[in-house]
Amino acid sequence: MKQLSLFFLSLFIHQVLMAQSIEVHGEVKDNQQHPVRNADVILRDVQQKLITYTATDSLGKFTLKVPVGIYILEVHHLAYQKLAKHIQLADSLNEPIALILYPAEESLSEVIISAQKPLLEKKLDRLVINVENRSAFAGNNSFELLKNTPGIYTARDDQLQMLGKSGVRVMLNGRLQYLATNEISDFLKTIAADEIITIELITTPPANFEAEGNAGYINIITKKERKEGWELKTALTGYQGKYSRLMSRTGFQYQGEQLRTDISYSYGKINSFEAIKQFNAFSNNGITQRYRSFNQELRRTYYHTVRNQIDWQVNKKSVLSFALRTMIKEGERPGENKNFQLGEAGNILQKIQSSSLEERAYLNYGTDIFYEYTLDSLKKKMMLSGSYAGFSTNNQQGFSNRYFNEYVSLFQEQLRSDFKNQSEITAFKADFYLPFKKITWETGLKYAQTKTDNSFLFENFDSLQWQIDPNLSNDFLYREQNAAVYISMQKNIAEKWKLKVGLRGEYTSTEGDSPSLNQLTTYHYFKLFPTFYLQYGVNDQYQMNLSYARRINRPDYSSLNPFITYQSPLFSNQGNPLLRPEFTHSLEWNHTLKNRYVITPFYNYTQAYYSEFPYQIEGTQETRYTFGNLGSHQNVGVQAILPFKINKQINWQHSLLGLYQQYIISYDSIQEKPEGVFWRYQSSFTVELNKNLNIEISGYYESKSIQAFYEADDRADVSIGMNYSFWKEKASLSLGVSDIFYTNRAKVEINYPNQSLGFYRRNDTRLFKIGFNYKFGKHKVKEKKSFDSASEEEQQRG
């Protein structure tokens, strides 16, 4: 009874102390008064038991949340001597703790932090996922990695979605990449998966983020050198499916006392294919016409990508950064297409056999400059940035079509097209971060301008010469201006409660001009975008977050372009200059258990929902795809991310997304309310056989789903990978197989009152991979052993 009483007494004292937790702020500098970044700060009790730990940011700052009491505070960094001191924490502690580190000798003994980085960590406004050393994706690209990341899945045409919402925007190391929706996957495929250390999912972005993007942001954080010195990394990866692929990259990093630079170059030669079967049936006055088409396209692509970033610590208060991105792609797509018109009995009434060749050239470049100035000792900050991005596209396509009836050839035609696009985006931004003792304010403004010029020339070969078709040739000029201002406030409203609210206002002016059609379309609007976050820390094992955000999803420029492009004589595409933005209300109620398990019920409601839809060209056999604001859309669902650690060598991660989808859509007297239930299960099983060898098996399954009129069939993917490091961990060999069972394919059906159509598509997704990586460099301090910190996600955000 005495032992039982002592147990309950100690448990009561522990709960009382935990209820009196306080935030401890500190600053780590060296003996020259320079901030020390990426230092590990460890707090132990007097019995040397580990209580918590974190890492300093780019300004040497850190924050710990612990109960009041007496502790041993330790600071570790490979370039400095270890620091350890006793501290007493009380409720009245307000001043930051100042710590000084002294340079280490070459004989510095190794520092080991045995804590392993968790798969994920829930912040107030984002979910941080650690994806470093995902061996199943070693030698692969970041798009394949994102497709298998909890909380992300792909929809039709490789569009990324989160929590049932499309319109994802991508950031690289905190900098927005100005890319159209159909360009995001191509850009991600140029980044190696093993360059990435963390992925941040920001599904309800705060007010300082642009309101664009219904689904929010994906922020990709790449690896950075942590020691003073330089390092060079090189990699070569080969793929073999039906066709071969080769990717290489070289990266150089330098970390000095005040200057840091990171430059990388990637080259790729990708051979692949796409095979599509399409069907189309429509009824008119009781007569049903049926069509079938089979398209086989070989794709050859070459790309070069250069990325560079320079960070300069000007002085104690100022940081200046410069970033550059350039991507060049060239390729060709020869294709063969067969189209059949079928009779009621399935007999062939007409056949069209097409040969095509499409040549593509693409240039994407961007520059960013960023300046940060610390205003006072409370770390108020002013941040100024400017960005310029450009796009250039030149697509040339040629067709040769032969027409047959049931028995003989009828005639032949030759067509060709030339599409040119030039786009420029210029943006300026000023942000102010203003922390006070009891409240933190953020405010800022932004101005962005977009210019897009398109030219489309379509020609027929007639009378032994090429002749311009004025009905299919056009120019399209698009201009957009966006001005925004925001303000947000964050405050601890009670001991366990945190509140953050914000408001962003954006004014947008657009102008689309088609001189050939004599069509000018203008649109001006001002919209408000509120955000709300409430966090309640129930105890050390359970935390709840409630968040709300209103978002906007503006159409891609290609969706506004009224040009007509042909896949075949029976199928074409055309943009809609009258297309309007869609607006989404997002509500999430997040539950985090034991800092490991995340369960998130959510609700999304989209107004002025827009989507692609097909219609029949009157008096012809042609089906044309275009865009329109069709109505509204809502999702209600839940997402669960469940990482389990079986033992020291085995980890098993699970994620499950389930949602109910409902659309209310109408156009051309068609009114429908498609609805359904969608779910996705994703899993990865990792085994660390020894220090140098690990294996991972990963996969996902998606059920049938709907997107407006589209009904997509289920699909799955299973991949396996292995990574072996050697030569004192300077070299590594990776092997893998993606889509082992060749089940990653798209099957879509579209049903209207008088028409049904669909397609079945396969790509070169089953790939055997082998990759080799090697790194070498020179540092001021010898690294005795890899230095691993559970808080490295925050370091990268610094």
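Described in the following lines is the structure provided in the data block. (Residues numbered from 1 in each chain as written. Predicted model: local features only at pLDDT ≥ 70, side-chain atom pairs only at ≥ 80, totals over all residues. Heavy atoms only, no water.)

1. Observations concerning the overall build of the protein chain
Per the secondary structure count, the protein chain includes 5 helices and 45 strands. Expressed as a percentage of the 798 residues in the protein chain, the buried residues total 52%. Across the protein chain, contacts joining residues at least 24 apart in sequence account for 65% of those joining residues at least 6 apart. (Helix = DSSP H or I, 4+ residues; strand = E, 2+ residues; numbered from the N terminus. Buried < 20%, exposed > 50% of the residue type's maximum accessible area, 1.4 Å probe, protein only. Contact = heavy atoms within 4.5 Å.)

2. Thoughts on the pattern of salt bridges
Under the criterion given, the structure shown has 30 salt bridges. For the salt bridge of Glu27 with Lys61, the shortest nitrogen-to-oxygen distance reads 2.9 Å. Placement of Glu27 in strand E1 (residues 21-30) and of Lys61 in strand E4 (residues 61-67) is noted, with a sequence separation of 34 residues between them. One network of salt bridges, with partners in common, ties together Asp125, Arg126, Glu200, Glu442 and Lys500. (Salt bridge = Lys/Arg side-chain N within 4 Å of Asp/Glu carboxyl O.)

3. Here's the deal with empty space enclosed by the protein
This model, assessed by the stated rule, comprises 7 cavities of 30 Å³ or more. Looking at the second largest cavity, its volume works out to about 190 Å³. In this structure, the second largest cavity is lined by 21 residues; those nearest its centre are Lys122, Leu127, Thr203, Glu588 and Asn590. Only strand E14 (196-202), strand E29 (542-553), strand E32 (582-593) and strand E33 (597-616) provide two or more residues apiece to the lining of the second largest cavity. A per-element tally of the lining of the second largest cavity places E29 first, with 3 residues. When the residues that make up the lining of the second largest cavity are grouped by side-chain class, the tally is 9 nonpolar, 8 polar and 4 charged. (1 Å grid on protein atoms, 1.4 Å probe; cavity = no way out; pocket = protein on both sides within 12 Å on 5 of 7 lines; lining within 4 Å. Points joined across faces, edges and corners; volume = space filled by probe spheres on them. Nonpolar A, V, L, I, M, F, W, Y, C, P; charged D, E, K, R; others polar.)

4. A look at the side chain of Arg249
Along the chain, Arg249 turns up in strand E17 (residues 244-255). Here Asn773 takes part through its side chain, which lies 3.1 Å from a polar atom of the side chain of Arg249. When neighbours within four sequence positions are excluded, Arg249 is seen to be in contact with Ala192, Asp194, Glu195, Lys233, Thr234, Ala235, Tyr265, Ser266 and Asn773. (Polar contact = N/O pair within 3.5 Å; in protein donor to acceptor, adjacent residues only side chain to side chain.)

5. Structural notes on the environment of Lys437
Inspection of the secondary structure assignment puts Lys437 in the loop between strand E23 (409-435) and strand E24 (440-462). Considered as a pair, Lys437 and Lys491 are 54 residues apart in the sequence and their alpha carbons are 9.7 Å apart.

6. A short note on the pairing of strand E22 (residues 381-405)
Looking at chain direction, strand E21 (residues 348-374) and E22 are connected through 25 bridges and run antiparallel. Following the sheet pairing, Ser354 is matched in E22 by Asn401. Where E21 hands over to E22, the hairpin turn is made up of 6 residues, of which Lys379 adopts a positive phi near 70 degrees. Summarising the sheet, E22 and E23 pair through 24 bridges and their orientation is antiparallel. Note that in E23 the partner of Tyr388 across the bridge is Thr426. (Pairing = 2+ DSSP bridges.)

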